[in-house]
Protein chains: 2
Amino acid sequence: MKDLLSVLKITVPDKIYIKDPETSDLGKRIIENSIILINEIGFESFTFKKLGTKIGSNESSIYRYFESKHKLLLYLSSWYWAWLEYQLVIETFSISDVNEKLDKAISIVTRTVEEDSTYSHINEVLLYKIIVNESSKSFLTKEVDKDNKEGYFEIYKRLITRIQEMISAVNPSFNFALSLASTIVEGSLHQHYLNEHFPSLTNCKNGETPTNFFQQLVFNSLHNGK
Amino acid sequence: MKDLLSVLKITVPDKIYIKDPETSDLGKRIIENSIILINEIGFESFTFKKLGTKIGSNESSIYRYFESKHKLLLYLSSWYWAWLEYQLVIETFSISDVNEKLDKAISIVTRTVEEDSTYSHINEVLLYKIIVNESSKSFLTKEVDKDNKEGYFEIYKRLITRIQEMISAVNPSFNFALSLASTIVEGSLHQHYLNEHFPSLTNCKNGETPTNFFQQLVFNSLHNGK
DNA sequence: GCAAATATAATAGTATTACTATCATAAATG
DNA sequence: CATTTATGATAGTAATACTATTATATTTGC
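Nothing here was measured: the structure is a model prediction, and the numbers come from that model.

*Asks:* So what about the relation of the copies chain A and chain B? Which residues, and what values?
*Replies:* Take chain A, turn it by 180 degrees, move it 0.0 Å along the axis, and it overlays chain B with an RMSD of 0.0 Å. Given the turn and translation reported, the copies of this chain are related as if by a two-fold rotation axis. Both copies contact each other with a shared surface, as 100% of the interface residues of chain A are interface residues in chain B too.

If you want it as structure tokens, here you go:
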């Protein structure tokens, strides 16, 4: 799987950037170090000026890649969801049993990212932390409908749809497959967040994980009366 | 219930504000109109200067009530959760059957706020919209652990705990009561958000509500095998 | 190998933000 | 009616989130 990723390229909607950061050394340094810097100081305090200083480049050069830090966050989010979708597809592809397939899917989308692939300039462990802490800010804005029309959330939506299809395959008469899929994805990020900052609000600690929680929740729900 | 609310006062942690906005006319206008303005332009674009203009007062006067707009958001969030907790307690108090009690609790915390009480300067319908669209920003910050230590999320945590207790009363051996409680509360906000901005990611539309979804999810989960 | 195109860097400038500080005035209270 | 307290007006600051312009490298196409 990892080998495959080093050959394939994660693709994000190209309207998100002005110039594709994958096409240059500076672009890659922008992505690599923005992930590090956002983790360090948080998205609110993050600026292109600070990033420029960190990578020994100029603010104005970064603006040639992304028109705003919001677009950069959209880029990072899309990249993460594309990376996750890739894993979902590869790891569930050959599973024919629908229950087993969904079980695996839940484990993929709810697991903590703890290993950096080292095949690219992107540190997935740090990126995952940004997704947990900051990704809601990519859509909780007044411009969300405009951004959505521009297609900036396509990959995320496709991921949710894939999970919904797997849910419906297990129980075609379950009438909340989409809501359940979106709850698994956002809910697991939230449980990871709670584990870190509000441990009194989650059972996902001491060996219990969001994966256990959502697998139990989903299968009890789908294999039950109504 | 409404009558009771007009006598009781919703209390938020007093370290959130510099001066209690409930104690003056200006304070009430700050709260009333901040809710309106944040809805209009979003929390990112909202400033004390704009609010001052709107209420015919001065930026510097508003700073005498709240040290930052973040504190104001914490105030509004706490107020909402206190208001919701109040309803939860009142409306479930006299229900002795644990299943019925939990069922009612879920319906209270997941329902859309559609009616303004008109008993105060706070428009609950608009405030609810802020909670759906902006409340995550009250904790998704680098200062969350500090804010948490200061007690700014006490009411929210108490609400989750109350729901957790009701879940455990239905099924004491269920090992994810806290995670389920936090998933119901945040998850229902998210489903309301999706309904408005990403209808392709939720089944909560055309008569189906987050209430139906979570009631089904919870009871299937609690009345099942494991 | 050189001209032209392209990418990056440097600098400056702007309106706005998120405040703090100071002083003046109005309203409430004892 | 004197004094405290609340509010308003004005000014100032460092930083933000950009845009614009010009200069200098670097790459590429012929």
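Picking up where we left off.
*Asks:* Give me the packing of helix 10 (residues 177-197) of chain A against helix 11 (residues 210-222) of chain B: which residues, what numbers.
*Replies:* It is the contact of helix 10 of chain A with helix 11 of chain B, at a shortest axis distance of 11 Å, that shows an interaxial angle of 75 degrees. Between helix 10 of chain A and helix 11 of chain B, the interaxial angle falls into the category roughly perpendicular. Here A:Ser179, A:Leu180 and A:Thr183 of helix 10 of chain A come into contact with helix 11 of chain B, specifically with B:Phe213, B:Phe214 and B:Leu217. Each residue belonging to the contact of helix 10 of chain A with helix 11 of chain B can be placed in one class, and the counts come to four nonpolar, two polar and no charged.

*Asks:* Before we move on, could you go through the protein's contact with DNA strand C and cite the residues and values that matter?
*Replies:* The immediate surroundings of DNA strand C are formed by 18 residues, with A:Ser57, A:Arg64, A:Tyr65, B:Glu59 and B:Tyr63 found nearest. Each atom of DNA strand C within 4 Å of the protein belongs either to a base or to sugar and phosphate, the latter forming 55%. A:Ser57 has a polar side-chain atom sitting 2.4 Å from a phosphate oxygen of DNA strand C. If you list the elements that add at least two residues to the surface near DNA strand C, you get helix 4 (59-62) of chain A together with helix 4 (59-62) of chain B. Class assignment for the residues of the surface near DNA strand C results in four nonpolar, eight polar and six charged.

*Asks:* So what about empty space enclosed by the protein? Which residues, and what values?
*Replies:* Summed over the entire model, instances satisfying the criterion amount to five cavities of 30 Å³ or more. Roughly 350 Å³ of internal volume is contained in the largest cavity. Contributing elements (two or more residues each) for the lining of the largest cavity: helix 7 (124-134) and helix 10 of chain A together with helix 7 (124-134) and helix 10 (177-197) of chain B. By residue number, the principal contributor to the lining of the largest cavity is helix 10 of chain A, which donates eight residues. Residue classes in the lining of the largest cavity are distributed as 12 nonpolar, 13 polar and two charged. Its boundaries defined by the atoms lining it, the second largest cavity holds a volume of some 110 Å³. A:Leu74, A:Ser77, A:Ser78, A:Trp81, A:Ser135, A:Ser138, A:Phe139, A:Tyr152, A:Phe153, A:Ile155, A:Tyr156 and A:Glu186 are the residues that line the second largest cavity. Elements that contribute at least two residues to the lining of the second largest cavity include exactly helix 5 (69-92) and helix 9 (154-170) of chain A. At four residues, helix 5 of chain A tops the list of elements feeding residues into the lining of the second largest cavity. When its residues are assigned to classes, the lining of the second largest cavity shows seven nonpolar, four polar and one charged.

Thresholds, definitions, all that
Position numbers for residues count from 1 along each chain, tracking the sequence in the order it is written. Starting at A for chains and at 1 for ligands, labels are handed out in the order in which the entities are written. The predicted origin of the model limits local features to residues at a pLDDT of at least 70 and limits the giving and counting of side-chain atom pairs to 80 or more, whereas totals for whole chains, interfaces and linings rest on all residues. Hydrogens and water are ignored here; the side-chain numbers use all heavy atoms of the structure. Our superposition of the copies is a least-squares fit, built on the C-alpha atoms of residues whose pLDDT is at least 70 in both. Residue contacts follow a heavy-atom distance rule, with two residues in contact if any of their heavy atoms lie within 4.5 Å. Lines fitted to C-alpha atoms define the axes here, with helix axes fitted over just the stretch in contact, and angles between the N-to-C directions of these axes take values from 0 to 180 degrees. Counting from the N terminus, the helices are DSSP H or I runs at least four residues long and the strands are E runs at least two residues long. Between 65 and 115 degrees an angle is taken as roughly perpendicular, under 35 as roughly parallel, over 145 as roughly antiparallel, and anywhere else as oblique. Side-chain classes are defined by residue name, with Ala, Val, Leu, Ile, Met, Phe, Trp, Tyr, Cys and Pro counting as nonpolar, Asp, Glu, Lys and Arg as charged, and the others, Gly among them, as polar. By convention in this text, a residue qualifies as near a molecule or strand provided that one of its non-hydrogen atoms is within 4 Å of it. Under the rule applied, a polar contact is a pair of N or O atoms within 3.5 Å (in protein, one hydrogen donor and one hydrogen acceptor; residues adjacent in sequence only if both atoms are side-chain atoms). Of the two site types, the cavity is a set of points on a 1 Å grid over the protein atoms alone where a 1.4 Å probe fits but cannot get out, and the pocket is an open set with protein on both sides within 12 Å along at least five of seven lines, each lined by residues with an atom within 4 Å of a point. Grid points are joined across faces, edges and corners, and a volume is the space filled by probe spheres set on the points.

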